[in-house]
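# Understanding the architecture of this molecule
Given next are the chains, with one letter for each unit.
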Amino acid sequence: MSLNIKPISDRVVIEPLAAETTTASGIIIPDTAKEKPQKGTVVAVGNGKKDHTMTVKVGDIVLYGKYSGTEFKYEGKDYLIMREDEIYAIL
């Protein structure tokens, strides 16, 4: 999963995981009713700030806010770029 993007400072590039297509009881969710994913894989990490080293690393699966970060498309794939402090947890 190498990406030719190097975020600066404390920013992280995340590839969102696919949204759920069925519920736990087996009901199929249509595309119009799906929620934005809140889980993704870290694909690139910046160097951190002067007095702060980065906690996340490439390959970590993380939880983030529903409306966190900025969405962008690169080589046909969707990604998010956000500050490390917008990440809630590492799974």
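Residues numbered from 1 in each chain as written. Predicted model: local features only at pLDDT ≥ 70, side-chain atom pairs only at ≥ 80, totals over all residues. Heavy atoms only, no water.

Test applied: UniProt positions are given in the numbering used here, feature names are shortened, and annotations may be inferred rather than shown by experiment.
By the naming in an unreviewed UniProt entry, the protein is Co-chaperonin GroES, taken from Flavobacterium cucumis. Among the UniProt annotations of the protein, the heading Sequence similarities (unreviewed entry) holds the following wording: "Belongs to the GroES chaperonin family." You can read under Subcellular location (unreviewed entry) in the UniProt record for the protein the words "Cytoplasm".

## Side note on the pairing of strand E3 (residues 61–64)
We apply this condition: When a residue's accessible area, from a 1.4 Å probe over protein chains only, is under 20% of the maximum for its type it is buried; when over 50% it is exposed; and in between it is partly exposed. Counting from the N terminus, the helices are DSSP H or I runs at least four residues long and the strands are E runs at least two residues long. Paired strands are those between which DSSP finds at least two bridges.
Taking every second residue as pointing to the same face, the buried face of E3 carries Val-62 and Tyr-64, while none of Ile-61 and Leu-63 on the other face is buried. Strand direction decides the pairing type here: strand E2 (residues 39–45) and E3, joined by three bridges, are antiparallel. From the neighbouring strand, Gly-40 faces E3, where its bridge partner is Val-62. Note: E3 against strand E6 (residues 87–90), three bridges, orientation antiparallel.

## What about the sheet that holds strand E5 (residues 77–83)?
Defined as follows: Inter-axis angles, ranging from 0 to 180 degrees, are taken between N-to-C directions of lines fitted to C-alpha atoms, where helices are fitted over the stretch in contact.
Taken together, six strands build an open sheet; the order of strands is E4-E5-E1-E2-E3-E6 and the sheet is antiparallel. Every interior strand has two partners, whereas the edge strands, strand E4 (70–74) and E6, have only one. Put simply, the sheet's adjacent strands are angled 45° from each other on average, direction ignored.

## Quick word on the nonpolar core
Operational definition: The definition of a nonpolar core used throughout is a set of buried Ala, Val, Leu, Ile, Met, Phe, Trp, Tyr and Cys residues joined through side-chain atoms within 4.5 Å. Contact between two residues is taken to exist if any of their heavy atoms lie within 4.5 Å; hydrogens are not considered.
Grouped together as the largest cluster of nonpolar side chains are eleven residues: Val-12, Ile-14, Val-42, Val-45, Met-54, Val-56, Val-62, Tyr-64, Leu-80, Met-82 and Ile-87. Among all residues touching Val-12, those that are not within four sequence positions of it are Pro-7, Val-42, Ala-44, Met-54, Val-56, Leu-80, Ile-81, Met-82, Glu-84 and Ile-87. Residues Leu-3, Val-13, Ala-44 and Tyr-79 belong to the second largest nonpolar core, which totals five residues.

## Quick notes on the pairing of E5
Here strand E1 (residues 11–16) runs beside E5; their pairing, made up of four bridges, is antiparallel. The residue of E5 that forms the bridge with Arg-11 is Arg-83. Bridging between E4 and E5 involves five bridges; their strand directions are antiparallel. Bridged to Glu-71 within E5 is Leu-80. From the end of E4 to the start of E5, which pair antiparallel, there are two residues, and Glu-75 there has a positive phi angle of about 50°.

## Describing a nonpolar patch on the surface
The cut-off we apply is this: Distance thresholds for patches are 9 Å for like charges and 5 Å for nonpolar side chains (Val, Leu, Ile, Met, Phe, Trp, Tyr), applied to residues having over 30% relative accessible area and no salt bridge. Surface accessibility follows the Shrake-Rupley procedure with a 1.4 Å probe radius. Residue values consider only the protein chains on display as shielding. The salt bridge criterion pairs a side-chain nitrogen of Lys or Arg with a carboxyl oxygen of Asp or Glu, the two atoms within 4 Å.
Together, Leu-17, Ile-61 and Leu-91 make up an exposed nonpolar region whose accessible area comes to about 250 Å². The residue Ile-61 is located in strand E3 in this model.

## Thoughts on the pattern of salt bridges
Taken as a whole and judged by the stated rule, the model has four salt bridges. When the shortest N-O distance is used, the salt bridge between Lys-77 and Glu-15 registers 3.8 Å. Pair noted here: Lys-77 is in strand E5 and Glu-15 is in strand E1, with a separation of 62 residues, a long-range link.

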